[in-house]
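Residue strings, one per chain:
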Amino acid sequence: MLLPLAVTTLWAIATLSRTVDDFDRMIAQSTYRLDATIQLQYRVLNVGTITAHEHMSAGVRRVSFNRDVRAVETVFRQILNDSAMHPRDRGIIERARHEWRNELMQPVTASGPSGSVQSQAAGLLGTLANAYRQDSEALRQQLDRSKQHLLWIAAAAAIGCLLIAVAGATLLTRSVLKPLHAFKQGVAHFTENDLSFRLPASQLHEFGQLAHEINRMAEHLEGHQNELQELSARDPLTGLFNRREFSQRLQAERERGRRYGPNFSLLMVDIDHFKNINDRYGHPAGDEVLTTVADLLRLSVRPMDVVCRHGGEEFAILLPETETGGAFSLAERIRHAVANSTILVSDKQSVQVTVSIGLVSFKGDVGEGIDPLAIADQALYRAKRSGRNRVITDSDVTSGN
């Protein structure tokens, strides 16, 4: 009678060992990603300081700068080659790489590359590194607790093997092996970055407490991932959606139009004579104008509308289920709201700005050969050429007819 229970106990101990090994692999994987992300962040920040070394000749600084640029690209490729990386983490790394390459396209001055885009790339990497660091620490703490709990359970199972035969086997099957199997499934889900999975509660106190701690850790990590995803989708200055996120929302609206045929409209908004504000009052004043206009746009639209900073002083607004008339009324409200606003750019200075708006509406399926942003941008260009501070509407586009 004891033999089946003894075999079951040995199987449970082996399962415990495999569970601990799974945790060890998770910790090693998180630590590797943390080290790689910190190294990448350091290299991104280091490139910006190369040209500031005045004791170097211009040639030496250029060689050092190019060498560090190649090193940063190498680390980017190494990290992105990790096939096990979660898609949301990969999106953040690719976003940082995109911002980094944008920074390289800016002219290199005596004070080094432009710091704004570099700080965006380094900031994204720093946030990701902090999340990995917290993940690793949480996993290590949980592993220590898990080892203690699991060792206690294994010892209890061994003692039960000597004291109880058939009743012990039944109790072990219900209270130990089933929770262990659930924990193994949970570890497999967490290893694949499926943090939405939750372990079931167990009647056994130790397993129930362990399941509670692991579920709490998963909720914490899932919250971090959601924050990182939200950060990667937003423009750091205005808080609006960035261009990449807007492109995804626009593509989704096109797919919806292809299937169900609703109308949608697109606005391209550009601040008139924005360069003059930067030249006269400085870039902090320009940033204040951008954030104020962004707030006015956000307050003017519906919750279902999508507003993004498309680049520089240009914004894009997606209006689902909106025809030309409704879109034109909104565009005029935006234009008047901006023109009638006084923007305080310093303690003693205030400015007033205007915007030019290009509008285009679509009906049903928008063909693959049509670029809605390009058409809206053409309308915006005509608004600028026509004297600015006005709304220009392109004719409705109907595809598939």
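Look above for the structure.
Keep in mind that what you see is a predicted model, and the values were worked out from it rather than measured.

(A) Main features of unusual backbone geometry. Its identity as a non-glycine residue notwithstanding, histidine 273 has a phi of 55°, on the positive side. Relative to the helices and strands, histidine 273 is located in the loop between β1 (264-271) and α8 (274-281). On the basis of relative accessible area, histidine 273 is assigned to the partly exposed category, the value being 46%. The backbone of arginine 388 shows a phi angle near 70°, a positive value even though the residue is not glycine. Structurally, arginine 388 can be placed in the loop between α11 (372-385) and β7 (391-393).

(B) Representation of the nonpolar core. Leu267, Ile271, Val289, Phe315 and Ile317 are the most contacted members of the largest nonpolar core, which totals 31 residues. Discounting chain neighbours no more than four positions away, the residues touching isoleucine 317 are Phe246, Ser265, Leu266, Leu267, Val269, Leu297, Val301, Val306, Val307 and Ile334. Residues Phe264, Leu266, Val360 and Phe362 belong to the second largest nonpolar core, which totals 18 residues.

(C) Fine view of the environment of arginine 333. With respect to the helices and strands, arginine 333 occurs in helix α10 (residues 324-339). Put simply, arginine 333 and valine 301 are 32 residues apart on the chain and 9.9 Å apart in space, counted from C-alpha to C-alpha.

(D) Quick look at the packing of α8 against helix α9 (residues 283-300). Look at α8 against α9: their axes get within 7 Å of each other, and the N-to-C directions meet at 140°. For the element pair α8 / α9, the angle class is oblique. Touching Phe274, Ile277, Asn278 and Tyr281 of α8 are His283, Ala285, Gly286, Val289 and Leu290, all from α9. Counted by class, the contact of α8 with α9 contains six nonpolar, three polar and no charged residues.

(E) Quick peek at the pairing of strand β2 (residues 306-311). Counting buried residues along β2, five of its six residues qualify, which places the element largely inside the surrounding structure. Sheet analysis places β2 next to strand β3 (residues 314-320), joined by five bridges and oriented antiparallel. By the bridge assignment, arginine 309 is partnered in β3 with phenylalanine 315. In this structure, the hairpin formed by β2 and β3 is closed by a connection of two residues, where glycine 312 is found at a positive phi of approximately 60°.

(F) View of the pattern of salt bridges. Summed over all chains, the structure comprises 11 salt bridges. Here glutamate 253 ties to arginine 256 by a salt bridge, and the two come within 3.0 Å at their closest N and O atoms. Pair noted here: glutamate 253 and arginine 256 are both in helix α7 (residues 243-260), with a separation of three residues, about one helical turn. A relative accessible area of 8% means that glutamate 253 is categorised as buried.

Conventions used here
- Residues numbered from 1 in each chain as written.
- Predicted model: local features only at pLDDT ≥ 70, side-chain atom pairs only at ≥ 80, totals over all residues.
- Heavy atoms only, no water.
- Helix = DSSP H or I, 4+ residues; strand = E, 2+ residues; numbered from the N terminus.
- Buried < 20%, exposed > 50% of the residue type's maximum accessible area, 1.4 Å probe, protein only.
- Core = buried A, V, L, I, M, F, W, Y, C linked by side-chain atoms within 4.5 Å.
- Contact = heavy atoms within 4.5 Å.
- Axes fitted to C-alpha atoms, helices over the stretch in contact; angles between N-to-C directions.
- Parallel < 35°, antiparallel > 145°, perpendicular 65-115°, else oblique.
- Nonpolar A, V, L, I, M, F, W, Y, C, P; charged D, E, K, R; others polar.
- Pairing = 2+ DSSP bridges.
- Salt bridge = Lys/Arg side-chain N within 4 Å of Asp/Glu carboxyl O.

Note that all results are geometric; they support no functional claim without further evidence.
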